[in-house]
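# Remarks on the overall topology
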Amino acid sequence: MIVLAAAMPNLIEIVTKGMSLRNYSRKTIAAYTRVYKDIYAVAKRPLGTLQETDLKDYLYQKQQSSWSAQSIAFSANALNSLYTQISTWTQTSKFFFLL
């Protein structure tokens, strides 16, 4: 029975806990979370469904809206961190389904 899926916290909570366990500062966690919320607001769909082209389009849009190179690089790092975590979870969940 898959009752646990309904009780799972949302993606932001999972990622926040993961960053906290890896000793990210509170300010970094808050800044990364703002990036995740912003791209979600722009894309209007779950972050796990976004493709590489969606992420590039998002960063390009920010560049065109006069964001600094540092802000764009920070956003790219935040997104890279998120998708590294998602790919790790996907591989781990496949392992658990094999058991």
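Our structure's up above, just so we're on the same page.
Here the structure is a predicted model, which is why all the values come from computation and not from measurement. (Residues numbered from 1 in each chain as written. Predicted model: local features only at pLDDT ≥ 70, side-chain atom pairs only at ≥ 80, totals over all residues. Heavy atoms only, no water.)

## Focus on the packing of aromatic side chains
Rules: The rule is short: rings of Phe, Tyr and Trp, with Trp giving its six-membered ring, pair when the centres are within 6.5 Å, and they are stacked under 30 degrees, edge-to-face over 60, tilted in between. Throughout, exposure labels follow a simple rule: accessible area from a 1.4 Å probe, protein chains only, divided by the maximum for the residue type, with under 20% read as buried, over 50% as exposed, and the rest as partly exposed. Put simply, DSSP H or I for four residues or longer makes a helix, DSSP E for two residues or longer makes a strand, and each gets a number counted from the N terminus.
Evaluation of the coordinates by the stated rule reveals three aromatic pairs. The interplanar angle of 75° and the centroid separation of 6.0 Å between the aromatic rings of Tyr24 and Tyr32 together place this pair among those described as edge-to-face. What makes Tyr24 partly exposed here is its relative accessible area of 28%. With 6.3 Å between their ring centres and 70° between their planes, Tyr32 and Tyr36 make a pair best called edge-to-face. Taken together, the residues span about one helical turn, with Tyr32 and Tyr36 both in helix H3 (residues 26-43) at a distance of four residues.

## Some words on the packing of helix H2 (residues 11-21) against H3
Definition in use: Interaxial angles span 0 to 180 degrees and are taken between N-to-C directions of axes, which are lines fitted to C-alpha atoms, for helices over the stretch in contact. Each angle receives one of four descriptions, namely roughly parallel if under 35 degrees, roughly antiparallel if over 145, roughly perpendicular if within 65 to 115, and oblique otherwise. The crossing is said to be left-handed when, going from far helix to near helix, the turn is anticlockwise and less than a right angle, and right-handed when the turn is clockwise. Pairs of residues are marked as contacts when any of their non-hydrogen atoms sit within 4.5 Å. Nonpolar residues are Ala, Val, Leu, Ile, Met, Phe, Trp, Tyr, Cys and Pro. Charged residues are Asp, Glu, Lys and Arg, and all others, Gly as well, are polar.
Where H2 meets H3, the closest approach of the two axes is 10 Å, and the angle between their N-to-C directions is 150°. When the axis of H2 is compared with that of H3, the two are roughly antiparallel. Note on packing geometry: the crossing formed by H2 with H3 is right-handed. Mapping the contact onto sequence places Ile12, Val15, Thr16, Met19 and Ser20 in H2 and Ile29, Tyr32, Thr33 and Tyr36 in H3. Class assignment for the residues of the contact of H2 with H3 results in six nonpolar, three polar and no charged.

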